[in-house]
Amino acid sequence: MMKVIVSNHSGFCFGVEKAMNTAFTEVNNKDSIYTLGPLIHNKQAVEKLENNGIKTIEKLDELEEGTVIIRSHGVPKNVYDMAYEKKLGIVDATCPFVKKIQKIAKEYKEKGYNIIIIGNPDHPEVKGINGWCNNEAYIVKTRDDAKKLPFLDKICIVVQTTMSLSLYLELAQIIEEKGKEVVKFNTICSATKDRQEAARSLSQKVEAMVVIGGYHSSNTQKLVEICKQENPDTTFHIETINELPIDL
Ligand code: F3S
């Protein structure tokens, strides 16, 4: 008989759970409530929010009144400024781990450091962090990006919360050669690390892995990559039960 083992670390991470709870609480208290971008990278969860009257907008320009929920990835500083100007309500569901990175980026920028974000330049979390240091950060995603950096006087390294630890360590080592004075903050979120380690160790013990999560979720994609290293042909990434090829 087939045995199914659920990973020790599964389900929403702390930041996303908090954002979802915040959204459901706020919808009971306020009339028009919007999330700026999908609250999480999970289609089914977004549909559930919409069914409860929480609409998704892409830009603040679209809104003249109401309350906007800032999602767990966070947003650049100018989004808060614009919301205040437009007198919109703000419910800030930025994950505290992301807030911490934004704070470091702002503080060290003000102290004259060049901010280097190790992460994916297209990810909203990275764009958000960059928006706390005048959009002047160097964003490093690959070894090549790191090697191409100019030599800089003062460098402050932060890392996207969902990066893999091994890639961070590799890139940080290259970047450290590029600065006279370098400070670095390993800002990878522990939820990510725990999940990745649990997925790796579980995938070494089983014949097939099923990763359930949004196709656009960076966290989920990383888990799929890790599981594929152990089970290249028998790792299945699905969003809902209907996508599971059970007849295999
Ligand atoms: Fe989740 Fe926050 Fe970590 S949103 S993945 S707990 S940074």
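This text gives an overview of the structure that appears in the document. (Residues numbered from 1 in each chain as written. Predicted model: local features only at pLDDT ≥ 70, side-chain atom pairs only at ≥ 80, totals over all residues. Heavy atoms only, no water.)

**Brief notes about the sheet that holds strand β4 (residues 89-92)**
Part 1 of the reasoning: Spatially, the 4 strands line up as an open sheet ordered β2-β1-β3-β4, and their pairing is parallel. Two strands in the sheet have a free side with no partner beyond their single neighbour: β2 (54-57) and β4. For this sheet, the mean inter-axis angle between neighbouring strands, taken without regard to orientation, is 30°.
Part 2 of the reasoning: Note: strand β3 (residues 67-70) against β4, 4 bridges, orientation parallel. Bridge pairing links T67 to G89 in β4. (Pairing = 2+ DSSP bridges. Helix = DSSP H or I, 4+ residues; strand = E, 2+ residues; numbered from the N terminus. Axes fitted to C-alpha atoms, helices over the stretch in contact; angles between N-to-C directions.)

**A few points about the site of the ligand**
Part 1 of the reasoning: In the neighbourhood of the ligand, the contacting residues comprise C13, G15, S72, C95, F97, T161, C189, T192 and N219.
Part 2 of the reasoning: Each residue belonging to the shell around the ligand can be placed in one class, and the counts come to 4 nonpolar, 5 polar and no charged. (Near = heavy atom within 4 Å. Nonpolar A, V, L, I, M, F, W, Y, C, P; charged D, E, K, R; others polar.)

**Things to note about the pairing of strand β7 (residues 152-159)**
Part 1 of the reasoning: Among the 8 residues of β7, 6 are classified as buried, and the element is accordingly described as predominantly covered.
Part 2 of the reasoning: Inspection of the sheet shows strand β5 (residues 114-118) paired to β7 by 5 bridges, in the parallel sense. Residue N114 lies in a different strand from β7, and its bridge partner there is I155.
Part 3 of the reasoning: Pairing geometry for β7 and strand β8 (residues 179-184), over 5 bridges, is parallel. Note that in β8 the partner of I155 across the bridge is V182.
Part 4 of the reasoning: Crossover β7 to β8 through helix α7 (residues 165-176) is right-handed. (Buried < 20%, exposed > 50% of the residue type's maximum accessible area, 1.4 Å probe, protein only. Right-handed = clockwise from strand over helix to strand, strands pointing away.)

So, to be careful, I would describe these as geometric facts and stop short of saying anything about function.
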